[in-house]
Structure formats: structure tokens, C-alpha cells
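# Examination of the molecular architecture
One-letter residues, chain by chain:
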Amino acid sequence: MKSLDTFDFKAIPKLNKTLVQDLARCEYIGRRENIIALGPSGTGKTHIALGLGLAACQRGLAVGFTTAAALVHELMEALDEKRLLRLQRQIANLKLLIIDELGFVPLSKTGAELLFEVFSQRYERGATIVTTNLPFDEWTEVFASERLTGALLDRLTHHVHILEMNGESYRLSEAKKRRAEKPAS
Ligand code: ADP
Ligand code: MG
């Protein structure tokens, strides 16, 4: 459980705190807008996504949280078991879907197409948060098709708030701090 209250905005000065606080009011969900948190590992993307998800839950909204890899896995399994439509409907019914870690693993052709369908079905019907370490010009490498990537980015970024989370890894700087505090042995 991560909340925005425990997020140290000073650790990542480039992140627009006012924007995050505004998003925590969840009005973007009613407007069916998207959020992309973009930055290298350890900069707090998952923390922010979970915090925004919690804020939406506290307002009684139906929220789903998954990683891109797990979502694709679930979709493929549903396809195999002939229950894809039911799963797609469940996903479409979420007011907010959070897809964490897009871009960590390249997708198969079917995987990419199924994930594209999720974005396509949610376009202007529901809000989606994506966290990724991949700049947009590298998304083609994940989805393997330039055409599909173009169509996906077009939908995802039509109504989007971008949280640029460039900075040092919080994990790394915490570890360094701990090491510095430890007396030399
Ligand atoms: P990412 O998803 O970008 O790789 P995480 O959100 O998983 O990074 O952050 C790594 C760890 O550091 C988590 O335990 C998270 O709660 C913590 N963390 C990262 N940034 C901050 C921050 N600015 N304030 C407080 N905790 C943070
Ligand atoms: Mg993460």
C-alpha cells in the first residue's frame, strides 16, 4: 500500500507536484483522460501510480492494477479458454486501469494486439495510467509493429497528462544513504 502522503516530492524536483495533487482529486477519471508516468527505474513511478489508484478507490471508483506483462498473460489465457470477451468487458468496466511497467519485456504479436485492443476499447471510455521506462520513440520495439504503436500512442496520448520522472533511483540513493550512515568496520 503506497499513498501520495508518503511520497517525498523533494526527491524528484522535476516532477510537477501541483499536477500530481490535482490528479489525486480524480477529476481526470470523469473526463476519461490518461496519465503516463515516464522515467528510469526507481524514480517512484509505481508509487505514484498506486497513490493515484488509492485516491480513486477512496472515492469508490472501480480501479484495476496490473503490470503490462501480467495483463498480456491474462488476455492470452482468456483467448485460449474462449473467455476473452468476458475479460475485455470486465476491463472496460473499470473506471481506472493502471498498467505498470510497460516496456520491460517485448510482446509477442498476439500479445501486442491484445494490449492494443485494451487501449482501443478504453479510449474515451475510461481512464488509464501507464508507467514506463521507455521514451515514446522506443515503443515500437515493444509492440514490434510501427503501425500498431502509432495507433496506440495516438489513442493513449490524445487526452494525457505526462509525469516526467527523471532523476536518481530512490532505491539507489536510499541504499547509499544507509551505507554512509553505517560506521566503518
Ligand atoms: P519505479 O516504479 O519508478 O521503478 P518505485 O515506485 O517502485 O519506482 O520506487 C522504488 C521504491 O522507492 C519504492 O519503495 C517507493 O515507495 C520508493 N520511492 C521512490 N520514490 C520515492 C519518493 N519520492 N518518496 C518516497 N518513496 C519513494
Ligand atoms: Mg515500478
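See the structure shown above.
Residues numbered from 1 in each chain as written. Chains lettered and ligands numbered in written order. Predicted model: local features only at pLDDT ≥ 70, side-chain atom pairs only at ≥ 80, totals over all residues. Heavy atoms only, no water.

With respect to topology, five strands assemble into an open sheet ordered 2-3-4-1-5, the strand pairing being parallel. A single partner strand is all that each edge strand has here, and the edge strands are strand 2 (63-67) and strand 5 (160-164). Adjacent strand axes in the sheet meet at a mean angle of 15 degrees, parallel and antiparallel pairs treated alike. Where strand 2 and strand 3 (residues 96-102) come together, five bridges link them in parallel fashion. Residue G64 lies in a different strand from strand 3, and its bridge partner there is L97. Packed onto the sheet, helix 6 (residues 109-122) meets strand 3 and strand 4 (127-132) and runs at close to 145 degrees relative to strand 3. (Pairing = 2+ DSSP bridges. Helix = DSSP H or I, 4+ residues; strand = E, 2+ residues; numbered from the N terminus. Axes fitted to C-alpha atoms, helices over the stretch in contact; angles between N-to-C directions. Contact = heavy atoms within 4.5 Å.)

With that out of the way, let us pick up the pattern of salt bridges. In this structure the tally under the stated criterion is seven salt bridges. Between E81 and R83 there is a salt bridge, with the nearest N and O atoms lying 2.9 Å from each other. Using a relative accessible area of 47% as the deciding quantity, one classes E81 as partly exposed. According to the relative accessible area criterion, R83 is partly exposed, its value standing at 26%. (Salt bridge = Lys/Arg side-chain N within 4 Å of Asp/Glu carboxyl O. Buried < 20%, exposed > 50% of the residue type's maximum accessible area, 1.4 Å probe, protein only.)

Here we take up the nonpolar core. Ranked by size, the top nonpolar core spans 30 residues in total, and within it L75, L115, W139 and F143 carry the most contacts. Elements with a minimum of two residues in this core: strand 1 (34-38), helix 4 (68-80), helix 5 (84-93), strand 3, helix 6, helix 7 (139-143) and helix 8 (146-156). Top contributing element to this core by residue count: helix 6, with six residues. Here L75 is in contact with L84, L87, I91, L114, L115 and V118, once residues within four sequence places are set aside. Y28, A56, A127 and L163 belong to the second largest nonpolar core, which has 24 residues in total. (Core = buried A, V, L, I, M, F, W, Y, C linked by side-chain atoms within 4.5 Å.)

By themselves, these figures tell us nothing about what the structure is for.
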